[in-house]
Amino acid sequence: MEFGALTPNGEKSRRPKDEWLENSWHDLMARSKSSHRWLQEHVSDPYVKQAQKDGYRSRSSYKLIELNEKDRLIRPGMLIMDLGSAPGGWSQVAGKLVGEKGRVLATDILPMDAVKNVDFIQGDFTDEAVVNQILEALNGAKPDLIISDIAPNITGIESADQGTSIYLVELALDMVRRVLKPKGNFVVKVFQGTGSDAYLKDVRTSFEKVSVRKPKASRPRSREVYVVARGFKG
Ligand SMILES: C[S@@+](CC[C@H](N)C(=O)[O-])C[C@H]1O[C@@H](n2cnc3c(N)ncnc32)[C@H](O)[C@@H]1O
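A quick note: this is a predicted structure, and the numbers were derived from the prediction, not measured. (Residues numbered from 1 in each chain as written. Predicted model: local features only at pLDDT ≥ 70, side-chain atom pairs only at ≥ 80, totals over all residues.)

Digging into the sheet that holds strand β4 (residues 145-148)
Thought 1: Here seven strands make up an open sheet; going across it, the order is β3-β2-β1-β4-β5-β7-β6 and the pairing mixed. Single-partner strands in this sheet number two, and they are β3 (118-122) and β6 (207-213). Recorded for the sheet is a direction-independent mean angle of 15 degrees between the axes of neighbouring strands.
Thought 2: The pairing of strand β2 (residues 103-108) with β3 spans five bridges and is parallel. Across the sheet, the residue bridging to D108 is Q122, located in β3. (Pairing = 2+ DSSP bridges. Helix = DSSP H or I, 4+ residues; strand = E, 2+ residues; numbered from the N terminus. Axes fitted to C-alpha atoms, helices over the stretch in contact; angles between N-to-C directions.)

Considering the environment of F125
Thought 1: As for its placement among the helices and strands, F125 is situated in the loop between β3 and α5 (128-138).
Thought 2: Linking F125 and I150, residues 25 residues apart in sequence, is a C-alpha distance of 9.4 Å.
Thought 3: Not counting residues up to four positions away in its chain, the partners in contact with F125 are L83, T107, I109, V130, V131, I150, L168 and L171. (Contact = placed C-beta atoms within 7 Å.)

Digging into the site of the ligand
Thought 1: Residues in contact with the ligand amount to 22 residues; listed here are only the nearest, S60, G84, G89, F125 and D149.
Thought 2: Across the shell around the ligand, the residue classes break down as 10 nonpolar, eight polar and four charged. (Near = placed C-beta within 6 Å. Nonpolar A, V, L, I, M, F, W, Y, C, P; charged D, E, K, R; others polar.)

Here's the deal with helix α4 (residues 89-98)
Thought 1: Burial within α4 is extensive, with eight of its 10 residues counted as buried.
Thought 2: Phi turns positive, to about 70 degrees, at G99, one or two residues after α4. (Buried ≥ 20, exposed ≤ 12 C-beta atoms within 10 Å, placed from the backbone.)

Remarks on the packing of helix α6 (residues 158-179) against helix α7 (residues 196-206)
Thought 1: Contact geometry for α6 and α7: axes closest at 11 Å, N-to-C directions at 5 degrees. The angle between α6 and α7 places the two elements in the roughly parallel class. Contacts from I166, V169, E170, L173 and R177 in α6 reach S196, Y199, D202, V203 and S206 in α7.
Thought 2: Taken together, the residues of the contact of α6 with α7 break down into five nonpolar, two polar and three charged. (Parallel < 35°, antiparallel > 145°, perpendicular 65-115°, else oblique.)

Regarding the packing of helix α3 (residues 61-71) against α4
Thought 1: In the contact formed by α3 and α4, the axes pass within 7 Å of each other and the chain directions differ by 40 degrees. By the criterion of interaxial angle, the relationship of α3 to α4 is oblique. For the pair α3 and α4, contact is made by S61, L64 and I65 and by G89, W90, Q92 and V93, respectively.
Thought 2: Broken down by class, the residue content of the contact of α3 with α4 amounts to four nonpolar, three polar and no charged.

Points about the environment of G193
Thought 1: Among the structural elements, G193 can be located in the loop between β5 (185-191) and α7.
Thought 2: With 15 C-beta atoms packed within 10 Å, G193 lands in the partly exposed category.
Thought 3: It is 9.6 Å that separates the C-alpha atoms of G193 and E158, two residues lying 35 residues apart in sequence.
Thought 4: Setting aside its immediate chain neighbours within four residues, G193 contacts Q162 and R223.

Examining the nonpolar core
Nonpolar side chains tend toward joint burial in soluble globular proteins.
Thought 1: Formed by 41 residues in total, the largest nonpolar core has its most connected members in I80, A94, I146, I147, A172, F186 and V187.
Thought 2: The element contributing the most residues to this core is α6, with six residues.
Thought 3: Not counting residues up to four positions away in its chain, the partners in contact with I146 are M81, L83, M175, V176, L180 and F186.
Thought 4: Among the nonpolar cores identified, the runner-up in size contains five residues, and Y47, Y56, Y62 and A217 belong to it. (Core = buried A, V, L, I, M, F, W, Y, C linked by C-beta atoms within 7 Å.)

A closer look at the pairing of strand β7 (residues 224-232)
Thought 1: Where β5 and β7 come together, six bridges link them in antiparallel fashion. Looking at β7, one finds that F191 is bridged to E224.
Thought 2: Judged from the six bridges that link them, β6 and β7 form a sheet pairing that is antiparallel. Each residue of the ladder has a partner; that of F207, found in β7, is F232.

Overview of the environment of A51
Thought 1: Structurally, the position occupied by A51 is in helix α2 (residues 46-54).
Thought 2: A51 gets classed as buried once you count the C-beta atoms within 10 Å, which come to 20.
Thought 3: Taking C-alpha positions, A51 is 9.0 Å from G89, a pair spaced 38 residues apart along the chain.
Thought 4: Discounting residues that sit within four places of it in the chain, A51 has contacts with Y56, S58, R59 and S61.

Structure (structure tokens):
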């Protein structure tokens, strides 16, 4: 219908432009409310405050710290691969725990400032050329542990976001199957939803023991959980 056209009963129609404006306004209000809520939560979040005090680049660091305390994943001298590492909170934790004799190979599509004991490759993990670059950097070495906190940029279209996030964790599992040391461990963030149960089943086929964890630093309303898979069957 054209703008301002008459309806069959002779009344002036609601103009689509007005509807569009109204919808956009509602959308904007909803988004600005949720941004406002996020900002309020962020500034009063104890993990954000603690991260600032401890010099961690992200509150995510505490998720890995908690997972490590529970599952004893990281030891000095280990080689660790960190997928989706920017801004570097997990790399900081892992780099510190592996120490001078260990190494972390981190990768992200975004840039990341240097971290002690950590090598970084910037690139899109869905790009085979980047995967090859990561494999080259390993130079035949097999990581003891692969950690993945990789998460796509959220578009707001839930089914698309879930699809992309499952695709990324599947790629992480491919990497695990290519390079992880036999008996090695794998930690991966998974968003619960379509495809997550099938993914968990798939992980179970390659590991002796698989647990699903929700660290305290993971926001309760987030659908993210962490799959801790131990004892790679090789
Ligand atoms: C939750 S953040 C990781 C936070 C990090 N573990 C930390 O502690 O600072 C998820 C990361 O996944 C990365 N990511 C998303 N899609 C990617 C892709 N296709 N290739 C590489 N990294 C990707 C994002 O750039 C983002 O930095």
